[in-house]
Each structure stands twice: as structure tokens, then as C-alpha cells.
Amino acid sequence: MARRSTAQARPDPSEGPVRTCIGCRERAAKRELVRVTTGSDPVGRPAAVPDLDATAPGRGAHLHPTTRCYDLAVRRKAFARALRAPAGLDAAPVGEWLTSSAQTREGPTRNWSSSS
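Residues numbered from 1 in each chain as written. Predicted model: local features only at pLDDT ≥ 70, side-chain atom pairs only at ≥ 80, totals over all residues. Heavy atoms only, no water.

We now examine the overall build of the chain. Secondary structure assignment for the chain yields three helices and five strands. Traced from its N-terminal end to its C-terminal end, the chain shows the element sequence β-β-β-β-β-α-α-α. Put simply, the chain has 116 residues, and 35% of those count as buried. Taking all contacts inside the chain whose residues are at least 6 apart in sequence as the whole, residues at least 24 apart take part in 57%. When the accessible surface of the chain is summed, it comes to about 7700 Å², and 49% of that surface belongs to carbon and sulfur atoms. (Helix = DSSP H or I, 4+ residues; strand = E, 2+ residues; numbered from the N terminus. Buried < 20%, exposed > 50% of the residue type's maximum accessible area, 1.4 Å probe, protein only. Contact = heavy atoms within 4.5 Å. Areas by Shrake-Rupley, 256 points an atom, 1.4 Å probe, with all protein chains shown as cover.)

Moving on, we come to the pattern of salt bridges. In this structure the tally under the stated criterion is two salt bridges. Notably, a salt bridge pairs Asp51 with Arg35, separated by 2.5 Å at the nearest N-O pair. In this pair, Asp51 sits in strand β4 (residues 46-51) while Arg35 sits in strand β3 (residues 34-40), placing the two residues 16 residues apart along the sequence. When sorted by exposure, Asp51 lands in the same class as Arg35, which is buried. Here Arg45 and Asp41 are joined by a salt bridge, their closest N and O atoms 3.0 Å apart. Taking relative accessible area as the criterion, Asp41 reaches 7% and is therefore assigned buried. (Salt bridge = Lys/Arg side-chain N within 4 Å of Asp/Glu carboxyl O.)

What follows is about a positive patch on the surface. Taken together, the side chains of Arg25, Arg68, Arg75, Arg76, Lys77 and Arg81 make up a positively charged region of the molecular surface. With respect to the helices and strands, the residue Arg76 is situated in the loop between α1 (67-75) and α2 (78-83). (Patch = residues over 30% accessible without salt bridge, like charges linked within 9 Å, V, L, I, M, F, W, Y side chains within 5 Å. Lys, Arg positive; Asp, Glu negative; His and termini not counted. Charge placed at Lys NZ, Arg CZ, Asp CG, Glu CD.)

By the bridge criterion, six bridges tie β3 to β4 in an arrangement that is antiparallel. Directly across from Val36, in β4, lies its bridge partner Pro50. Connecting β3 to the next strand, β4, in antiparallel fashion are five residues, including Gly44 with a positive phi near 105 degrees. (Pairing = 2+ DSSP bridges.)

This is the structure in C-alpha cells:
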């Protein structure tokens, strides 16, 4: 059985933690992604919500803060799968956050966590 080269898969340790975006499936530095966890919408139903401080307990998933990656994640039903939640998990709170914060963002590599 042939072995795959892992030279590209292993990140440089000096870059810090690396995570995979659930939308585009690309690996990126943790500081470039927004963490998403299971929470609840205003009505109380389970929903994927942004965890900007990356301090919420429980399982989390990471996503580039772009509408492109969000749309890919919704289309692939990646939020429910990554968070190990019911199939009907509502991702609208993440989309609303992206829409509301789009005017204040400078680019996709900005650090979104308030704890740098």
C-alpha cells in the first residue's frame, strides 16, 4: 500500500493552531476562522451560533467568515454534521451574523475573536 506524502498536510508549528473550515474544507490558522457552536435561536430551537470569543463549552466547528464558505456549509449540511446535532439544525444565526458584520470587516483574514 502506497503512503501519501504528509509534507503539505502538516502545518508549521509556528503558525499556531490549525483548523479546517466546514464550508470550503481548507485548512487555515484558527485565528482566521470563526468558531460555531450549538446554541438556540430567539424562539429556543437548536441552532448553530457564532462563538466569537471561542469560549463556549462543547463541540465547535470552524468557518471562514465569508458568505461563500457559509453557503457551502449550508448546502453540504455541514453544521449539523460537524456539531453532531440533529439534521434540522438552523444555521440562520451564523448567516445573520455574517450579514450584520459584513460592513465592519476589512477582509477574511482578520482576527474575529475578542481574545487575541
